[in-house]
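Summary of the model geometry
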Amino acid sequence: MNKLRSLYIGLMSGTSLDGIDAVLAELGSDGETNLIRSVSAPFTPELRKALFELQSPGPNEIHRENQAANALAISYAQTIQQLLTQSELTPSDIKAIGAHGQTIRHQADLPHQLAYTHQTLNAALLAELTGIEVIADFRSRDLAAGGHGAPLVPAFHQQQFGSGQNIAVLNLGGIANLTLLPINGEVTGFDCGPGNILMDAWISDQQGHAFDRNGLWASQGKVHPILLNKMLSDTFFTKAPPKSTGRDDFHLTWLQQQIGSDNIHAEDVQASLLHLTVHSALQALKCYAPQTQKLIICGGGARNGMLLEAFKTYSAALFNNNLKIVTSDVLGVDPQLVEALAFAWLAWAHKEKRPANLPAVTGAKGPRILGACYPA
Ligand SMILES: Nc1ncnc2c1ncn2[C@@H]1O[C@H](COP(=O)(O)OP(=O)(O)OP(=O)(O)O)[C@@H](O)[C@H]1O
Ligand SMILES: CC(=O)N[C@H]1[C@@H]2OC[C@@H](O2)[C@@H](O)[C@@H]1O[C@H](C)C(=O)O
């Protein structure tokens, strides 16, 4: 192995609350990445329930949060052990772990002195269990500098996907976020609304499934134009960037309020939610980067064939057939691993003392080195 390259582990557990994505990656001296191996592990039902219940205020939160932070560190450590075993590596081979933790509250829109974001994780325990240095709490410093603390991936998208074209990258996780990579001009990005979070919440509520595989249920319904337009009139969509969102804003109760007393077939609600994701993302793209030639889609939503079809159909109309849509697979990166790889890169940036936030994206006063370090 080239001695300029170091091994990092990236860990992501995102707003979908589906589990842990872990990657082992080589990082070059300029931050170029080579994904070596990955492990994805669903949360145990107990941990998922504990994390889900922490998403909104409830009794005895401090105790429950710390229990969940410990349980998450233990699950992260088990996932890392699998990565090391499969790769025949030992902890001393790894320079650092970049661990996102689990967002349980994101209140970036409050006045600066009141704003906070919280990713729960006992990072000290993770360092202790793995014997590897852990970098965690990547968002707080950007928030302290007046930013939203999110999205953080645009700088990584620039490194990974930037080229001689007007490109945009769309992460379709629980929440959807766009990165705009113009040939001439500054890199920007922002959260553009729900990705899968509402579709997951609705199918879980109505049918008890975690998600709508390949959009099959949505495909059995018809878009309800009144519901779709009502949802699109939420003030989040018209707010100018910088902006970020999360489960704090988009949840089952929000959806139930939108439906109100209207009698809408459940599958029509699902179809409308799928189109909400498509319309909100493409309208934002059209508004802020109409010159975009290629849209790279990543995140778990890239595995939803029906959703991708809807993106292609609506973009043909909105961009006059001038927008090419691909998933990150065509660039050699599994869509579901992009964020975990970003956290390996963010750990590398911390170790190299390189600022990793983009003030044009988050609204922070300036570039900042992100993350807090827990030595091995
Ligand atoms: N085969 C599939 N068909 C439909 N949807 C899928 C499929 N595979 C994954 N998904 C969707 O992708 C979601 C997980 O995506 P991902 O792991 O990118 O989200 P996340 O990282 O938790 O969220 P965020 O990026 O907001 O932090 C699932 O909850 C599901 O809705
Ligand atoms: C507060 C928080 O956890 N935000 C997540 C969430 O999931 C997608 C979107 O909303 C994005 O803003 C962010 O995650 C990615 C990794 C980011 O910071 O770029």
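Treat the numbers as computed from the prediction; the structure is a model and nothing was measured.

Criteria and thresholds
Residues numbered from 1 in each chain as written. Chains lettered and ligands numbered in written order. Predicted model: local features only at pLDDT ≥ 70, side-chain atom pairs only at ≥ 80, totals over all residues. Near = placed C-beta within 6 Å. Helix = DSSP H or I, 4+ residues; strand = E, 2+ residues; numbered from the N terminus. Nonpolar A, V, L, I, M, F, W, Y, C, P; charged D, E, K, R; others polar. Domains from an automatic or database assignment. UniProt positions renumbered as here; feature names shortened; annotations may be inferred. Buried ≥ 20, exposed ≤ 12 C-beta atoms within 10 Å, placed from the backbone. Contact = placed C-beta atoms within 7 Å. Expected span 1.5 Å × (residues − 1). Pairing = 2+ DSSP bridges. Axes fitted to C-alpha atoms, helices over the stretch in contact; angles between N-to-C directions.

**Describing the site of ligand 2**
If you check the shell around ligand 2, you find 18 residues, and the closest are Thr103, Ala150, Pro151, Val153 and Ile175. When contributions to the shell around ligand 2 are tallied by element, the ones reaching two or more residues are β5 (102–107) and β9 (175–181). Of the residues contributing to the shell around ligand 2, the split by class is 5 nonpolar, 11 polar and 2 charged. A domain-level breakdown of the shell around ligand 2 finds at least three residues from each of domain 1 (6–150 + 337–374) and domain 2 (154–331).

**Here's the deal with the UniProt feature "binding site: ATP" (unreviewed entry) in the protein chain**
Residues given the UniProt feature "binding site: ATP" (unreviewed entry) here are Gly14, Thr15, Ser16, Leu17, Asp18, Gly19, Ile20 and Asp21. With respect to the element layout, Thr15 can be found in the loop between β1 (6–12) and β2 (19–27). A tally of 21 C-beta atoms within 10 Å means that Thr15 is categorised as buried. Structurally, Asp18 can be placed in the loop between β1 and β2. On the basis of neighbour count, Asp18 is assigned to the buried category, with 20 C-beta atoms found within 10 Å. Apart from residues no more than four positions distant in its own chain, Asp18 is found in contact with Pro42 and Ala210.

**Some thoughts on helix α11 (residues 266–288)**
Since the α-helix turns once every 3.6 residues, residues separated by three or four places project in the same direction. An ideal rise of 1.5 Å per residue puts 33 Å on 23 residues; α11 measures up with 33 Å between its terminal C-alpha atoms. Buried residues dominate α11, accounting for 17 of its 23 residues.

**Quick look at the sheet that holds strand β13 (residues 372–374)**
With mixed pairing, 6 strands are arranged side by side in an open sheet as β3-β2-β1-β4-β7-β13. Edge positions in the sheet fall to β3 (33–42) and β13, since each has one partner strand and no second. Ignoring strand direction, the axes of neighbouring strands in this sheet form an average angle of 20 degrees. Pairing analysis gives 9 bridges linking β2 to β3, with the strands arranged antiparallel. Across the sheet, Ala22 pairs through a bridge with Val39, a residue of β3.

**A look at the sheet that holds strand β10 (residues 188–194)**
The sheet built from 5 strands is open, its strands ordered β10-β9-β8-β11-β12 with mixed pairing. If you trace the sheet from one side to the other, it starts and ends with β10 and β12 (324–327), each paired once. Pairs of neighbouring strands in the sheet enclose a mean axial angle of 20 degrees, with direction left out of account. Inspection of the sheet shows strand β11 (residues 294–298) paired to β12 by 4 bridges, in the parallel sense. Among the inter-strand pairings, Ile296 is bridged to a residue of β12, identified as Val326. The sheet contacts of α11 involve β8 (167–172), β9, β10 and β11, and relative to β10 the element is tilted by about 155 degrees.

**Quick word on the environment of Ala210**
In this structure, Ala210 sits in the loop between α6 (197–207) and α7 (216–219). Remark: the alpha-carbon pair of Ala210 and Ser16, spanning 194 residues in sequence, is separated by 9.5 Å. Each residue touching Ala210, except ones within four places of it in the same chain, is listed here: Asp18, Asp200 and Ser204.

**Quick notes on the site of ligand 1**
Taken together, 23 residues are adjacent to ligand 1, and Gly14, Ser16, Gly173, Asn196 and Gly300 come closest. Across the shell around ligand 1, the residue classes break down as 3 nonpolar, 14 polar and 6 charged. Taken domain by domain, the makeup of the shell around ligand 1 includes at least three residues from each of domain 1 (6–150 + 337–374) and domain 2 (154–331).

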